[in-house]
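# Residue-level structure breakdown
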Amino acid sequence: MVSCQSPTVPVEAQMVEPLDAFYSYHTSFDSSKTGFPSGSCSIKMHRPLLSPAIANEPPYPTLLSCKLGCKSPFSLCRLIMSRDPLVIGNVVGDILDPFVRSANLKVTYNNKELINGSELKPSTIADEPRVEIRGRDMRTLYTLVMVDPDAPSPSTPTKREYLHWLVTDIPETTNASYGNEIVTYESPRPISGIHRFVFVLFRQSVRQTIYAPGWRQNFSTRDFAAVYNLGDPVAAMFFNSQRENGCGGRRCYQPVNGWM
């Protein structure tokens, strides 16, 4: 855990031994000259992240139980959070609340594994991707949601969120083809601007009947999870896409080079 109270610039950030799937960080700050009010927060990140200095390199720290109690813009937790593609791409905020990743999600289009925040052409994503959930227990089931929060355009997303795919009862260790397809995959066809397409994974506590919504537009991932008691997401990934040979409409995040 990272704990920070009235932080300015950290003078020490010490990594301790890994605990389960997470590394913990302890930080100490020289706050004797700061005027920031006291506050506290905590954050944990997935190993094998080695230090905050490389938090922008894969595998990204996934966020994240931090509620931003710290008032200082220099807090270590904000530094780490700011480098998570889901935060940079406003997926956390527009669609999801902060969550702790606890499942291994792999998305593949045309035999190419998706990297969080990458950009794909519509021709590449026309066909249904292979979505795998790694693990060891086939008795554990998952629900997969794919949405576009930028429909019909990022500047006027009046159809946010547009539902592209919904699959339930996916056993761990398998892929989405083994689940129950509630809403069929609809190929993304962005017309205006750069759209984000987001995969969200929920772990089911029980097998239950989930009904297809009456329409795809104005779907809400948060409301859907609440109605069916799915809890917080356990994994999420997204990519950017715009019409073939299109340009502009929204700044997108490239995982290697940053903003473009």
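Presented here is an overview of the structure given in this document. Throughout, a residue's number is its position along its own chain's written sequence, starting from 1. Only residues with pLDDT of at least 70 are given local features in this predicted model, and only at 80 or more are side-chain atom pairs given and counted; all residues enter the totals for whole chains, interfaces and linings. Based on all heavy atoms of the structure, the side-chain values leave hydrogens and waters out of the count.

Further remarks concern the overall build of the chain. A tally of regular secondary structure across the chain gives four helices and 15 strands. When burial is assessed residue by residue, the chain has 49% of its 260 residues classed as buried. A separation threshold of at least 6 residues defines the contact pool for the chain, and within that pool the share at least 24 residues apart is 71%. When the accessible surface of the chain is split by element, carbon and sulfur atoms take 50% of a total near 12,900 Å². Secondary structure is summarised from DSSP: a helix means a run of H or I of at least four residues, a strand means a run of E of at least two, and numbering begins at the N terminus for each. Buried means the residue's accessible area, taken with a 1.4 Å probe over protein chains only, is under 20% of the maximum for its type, while exposed means over 50%, and partly exposed covers the values in between. We call two residues contacting when some pair of their heavy atoms lies within 4.5 Å. Every accessible area reported is derived by Shrake-Rupley at a probe size of 1.4 Å, with residue values counting cover from the shown protein chains alone.

The next subject is the nonpolar core. In these notes, a set of buried Ala, Val, Leu, Ile, Met, Phe, Trp, Tyr and Cys residues joined through side-chain atoms within 4.5 Å is what counts as a nonpolar core. The biggest cluster of nonpolar side chains holds 24 residues, and the ones touching the most others in it are Y109, W165, F199, L201 and F239. When contributions to this core are tallied by element, the ones reaching two or more residues are β5 (104-109), β8 (130-134), β9 (141-148), β10 (162-171), β12 (195-203) and β13 (235-241). With 22 residues, the next largest nonpolar core counts V91, V183, V200 and L230 among its residues.

We now examine the pairing of β9. In terms of burial, β9 is a largely internal element, eight of the eight residues being buried. Every second residue of β9 is oriented toward a common face, with L141, T143, V145 and V147 on one face and Y142, L144, M146 and D148 on the other, all of them buried. In this sheet, β12 lies alongside β9 in antiparallel orientation, the contact comprising six bridges. Note that in β12 the partner of T143 across the bridge is F202. Paired strands, in this sense, are two strands between which DSSP finds at least two bridges.

Sheet strands pair via backbone hydrogen bonds, and the direction of the pair is either parallel or antiparallel. Strands sit in the order β6-β5-β8 across an open sheet of three strands; the sheet is antiparallel. Across the chains shown, the open sheet's two edge strands, defined by having one partner strand only, are β6 (112-113) and β8. With two bridges joining them, β5 and β6 adopt antiparallel strand pairing. Its bridge partner lying in β6, Y109 is registered against K112.

Right, let's get into the pattern of salt bridges. When a carboxyl oxygen of Asp or Glu lies within 4 Å of a side-chain nitrogen of Lys or Arg, that pair is called a salt bridge. For the coordinates displayed, the defined rule picks out nine salt bridges. A single salt-bridge network, built from bridges that share partners, covers D94, D150, R160 and R196.

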